[in-house]
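Working through the structure, step by step
Chain residues, written in single-letter form:
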Amino acid sequence: MWPPVNRLALLICSLCLISSLPAVADERQEQRDAERGRFAVAIGIASGVLIAQENGSIDKTVTNLTPTPTGVGCRNGNLNVAVPCKTPAPFGPNVNSSTNSVSPNVGVNLELFAPAFEFVPTKPRFFAAVEYLPTFAANLTVALDGAATTFLVPDQRPSTFGASSIGGQGSRLTAQVMTSVVTADAGLAFDFEFKERLFRFKPFAGWIRWGVVSDGRVLAAFKNDPVTASTNPIQSNFFGDNIRLVTATGHGSGFFNGVGPGFELEMELAKRGPLRPILYITGAGYKTVGTDWFEYKASTSVQDNFYAAAAIPPSAQPPFPGAPAVTGPLATATYNATWTFQVDEWSYRAGLGMRLRWVGFD
């Protein structure tokens, strides 16, 4: 059992603590009232993600194609018969596709807080903020058909495989959100208490600006293969001798703007001198305004001895399979590719952060 002196000391301390609680509460309320009547500025660290749907399309055409010459063989060993050749077109199918991008960011936030409107119920405060959000986005494939990487030509005689056996062909459009993303917000802040903590709900109208860089690539391989398979058993195992490899690449970029509603929920921490730490979470949706797309193009012209083997007159001695082809006419074509990138109508942002607000000395 405690000595009487210890019990008396404990009783006195308890009474002092109890009597001090109203004073602490009153002091905290006085601080809040004083801060509510002042301008305040805050700087903070923000982090989050930008979420957007990205749409891509690839359109391809072939122009100025030399008409297919008549009486032209497609391969060695044509045995006096001019087998019709496939023409070096088309440039592959058009592509339309989309993907969702989630781009993380870490940046800084600057905010200005106005004194409370004392004459308005709930005494809201006006605020405005700007953010600079360096973004670390992945390079995403938005539209893809095939591979569109690097040509992989079989290591064997061209007359032993068709054009479809050449790997790496296809069309691709990639996109990446640029590093610099900026936002600006303005709205009203409403105070409320929860478990003796001061919170603020801050609806706002926001603006965002971000950019995208995009790369496009199309790879297509053509061979002067027979239009139809030969019925001659000697010829049936042979494809065209000539290969045409066509590559088209492009690069483009664009900036986009969005406006829309958002909110912020912040919680005050204990004051540290003239500074008050703040924790907050935020979310916003932005409707794209102005231009929501950009496009870029590439064109390449090819002229080569695509048709290769000229027809051998019937009076001539039929060459054996694998004999050198007689030089044929040139085939000229211009290959055009257009890549189009488009952002969806709405984009979204979510984030959290911490700021230090200058509230002044009491």
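Residues numbered from 1 in each chain as written. Predicted model: local features only at pLDDT ≥ 70, side-chain atom pairs only at ≥ 80, totals over all residues. Heavy atoms only, no water.

1. Quick notes on unusual backbone geometry
Here the amide bond leading from A89 into P90 is cis, since omega sits at 0°, within 30 degrees of zero. Counting through the fold element by element, P90 comes out in the loop between β1 (40-63) and β2 (95-116). Of note, the phi angle at K123 is positive, near 50°, even though the residue is not glycine. Position of K123 among the secondary structure elements: in the loop between β2 and β3 (125-132). A positive phi angle, near 55°, is found at A148, a position not held by glycine. Note on placement: A148 falls in the loop between β4 (140-146) and β5 (170-177). (Helix = DSSP H or I, 4+ residues; strand = E, 2+ residues; numbered from the N terminus.)

2. Re the nonpolar core
Note that soluble globular proteins tend to have their nonpolar side chains buried in a common cluster. F91, L173, W210, V212, W339 and F341 are the most contacted members of the largest nonpolar core, which has 44 residues in total. Setting aside anything within four residues of it in sequence, one finds V212 in contact with A175, Q176, V177, M178, G252, S253, G254, F256, F294 and F341. Core analysis: the next-biggest nonpolar cluster, separate from the first, contains five residues, F161, I166, L219 and A221 among them. (Core = buried A, V, L, I, M, F, W, Y, C linked by side-chain atoms within 4.5 Å. Buried < 20%, exposed > 50% of the residue type's maximum accessible area, 1.4 Å probe, protein only. Contact = heavy atoms within 4.5 Å.)

3. Points about a nonpolar patch on the surface
Judged by side-chain polarity, F39, V41, I43, L110, L112, V130, W358 and F361 come together as a nonpolar surface patch covering roughly 840 Å² of accessible area. Counting residues per element, the ones that place at least two in the nonpolar patch are β1 and β2. Following the sequence through the fold, V41 ends up in strand β1. (Patch = residues over 30% accessible without salt bridge, like charges linked within 9 Å, V, L, I, M, F, W, Y side chains within 5 Å. Areas by Shrake-Rupley, 256 points an atom, 1.4 Å probe, with all protein chains shown as cover. Salt bridge = Lys/Arg side-chain N within 4 Å of Asp/Glu carboxyl O.)

4. Concerning the environment of T87
Tracing the backbone shows T87 in the loop between β1 and β2. Judged by its relative accessible area of 28%, T87 is partly exposed. Beyond its immediate sequence surroundings of up to four residues, T87 is in contact with L65, T68, F306 and Y307.

5. Quick look at the side chain of D185
Note on placement: D185 falls in strand β6 (residues 182-194). For D185, the residues in contact, after removing those within four places along its chain, are F127, A128, A129, F204, A205, G206, W207, Y286 and R349.

6. Focus on the pattern of salt bridges
Oppositely charged side chains are able to pair whenever their charged atoms sit close together. A complete count under the given rule lists 20 salt bridges for this structure. Taking the shortest distance from any N to any O, the salt bridge between D304 and R244 comes out at 2.6 Å. Placement of the pair is D304 in strand β10 (residues 293-304) and R244 in strand β8 (residues 243-268), with a sequence separation of 60 residues. Residue R244 is classed as buried on the basis of its relative accessible area, which comes to 1%. With its nearest N and O atoms 2.2 Å apart, the salt bridge here joins K287 to E345. Of this pair, K287 sits in strand β9 (residues 275-289) while E345 is found in strand β11 (residues 331-358), placing the two residues 58 residues apart along the sequence. With relative accessibility at 46%, the residue E345 sits in the partly exposed group.

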